[in-house]
Amino acid sequence: MSLALRTKRLMREYRHMTADPPPQVRLQSHENLGKWEVVIQGATETLYAGENFTLQFTFPEAYPLEAAEVVFVNNVPVHPHVYSNGHICLSILYQHWSPALTVETVPPAGDSNYVKQAKVSPKDAAWRFDGMFTPMCTL
């Protein structure tokens, strides 16, 4: 049943992302229903203006009951909540995921301003691990 739920949900999100994408965001490719690439344009008047960032969404079979893996690929922004390998430190992608969330509601995909919010150097971010070894970042 969860595969049928995943397919139905992803088809609905796909239709919405192609018909009415958020500003400065576009679906670049989807080699199959389980893996999408979403391009975000850097917000104007920021360090990232004129740059494009690609997020890769990999959807597990249990999506939307389980979160997609979301990582920046190729051009990874320098941001206190983004690891150098493109993984994003965002609790809703891990322990605080909710099936009510969608591709558009994941901040990097739904808000091109996400990549401009670095107000301090990533070197000043403190990294710690909770009891379940889930990476957490704080400023």
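Under an unreviewed UniProt entry, the name given to the protein chain is UBC core domain-containing protein, and the organism recorded is Coemansia aciculifera.

> It is not clear to me how the pattern of salt bridges should be interpreted in this structure. Could you clarify?
Two side chains bearing opposite charge may form a pair once their charged atoms approach each other closely. Counted according to the given criterion, the structure contains 1 salt bridge. For the salt bridge of R9 with E13, the shortest nitrogen-to-oxygen distance reads 2.6 Å. Taken together, the residues span about one helical turn, with R9 and E13 both in helix α1 (residues 2-19) at a distance of 4 residues. Per residue, the accessibility class of R9 equals that of E13, and both read buried.

> Looking at this model, I keep getting lost on α1. Mind explaining?
Quick reminder: α-helices carry 3.6 residues per turn. Residues three or four places apart thus point the same way. Helix length check: α1, at 18 residues, gives a terminal C-alpha distance of 26 Å against a target of 26 Å (1.5 Å per residue), a fit within 8%. When α1 is considered as a whole, its buried residues turn out to be R6, R9, L10, E13 and M17. Looking straight down α1, one finds that the buried residues subtend no more than 100° of arc, so they occupy a single side. Opposite the buried face of α1, by more than 90 degrees, sit the exposed residues A4, K8 and A19. Close packing links the buried residues of α1 with β1 (25-32) and β2 (35-41).

So, how was this worked out
- Residues numbered from 1 in each chain as written.
- Predicted model: local features only at pLDDT ≥ 70, side-chain atom pairs only at ≥ 80, totals over all residues.
- Heavy atoms only, no water.
- Salt bridge = Lys/Arg side-chain N within 4 Å of Asp/Glu carboxyl O.
- Helix = DSSP H or I, 4+ residues; strand = E, 2+ residues; numbered from the N terminus.
- Buried < 20%, exposed > 50% of the residue type's maximum accessible area, 1.4 Å probe, protein only.
- Expected span 1.5 Å × (residues − 1).
- Arc of directions from axis to C-beta.
- Contact = heavy atoms within 4.5 Å.

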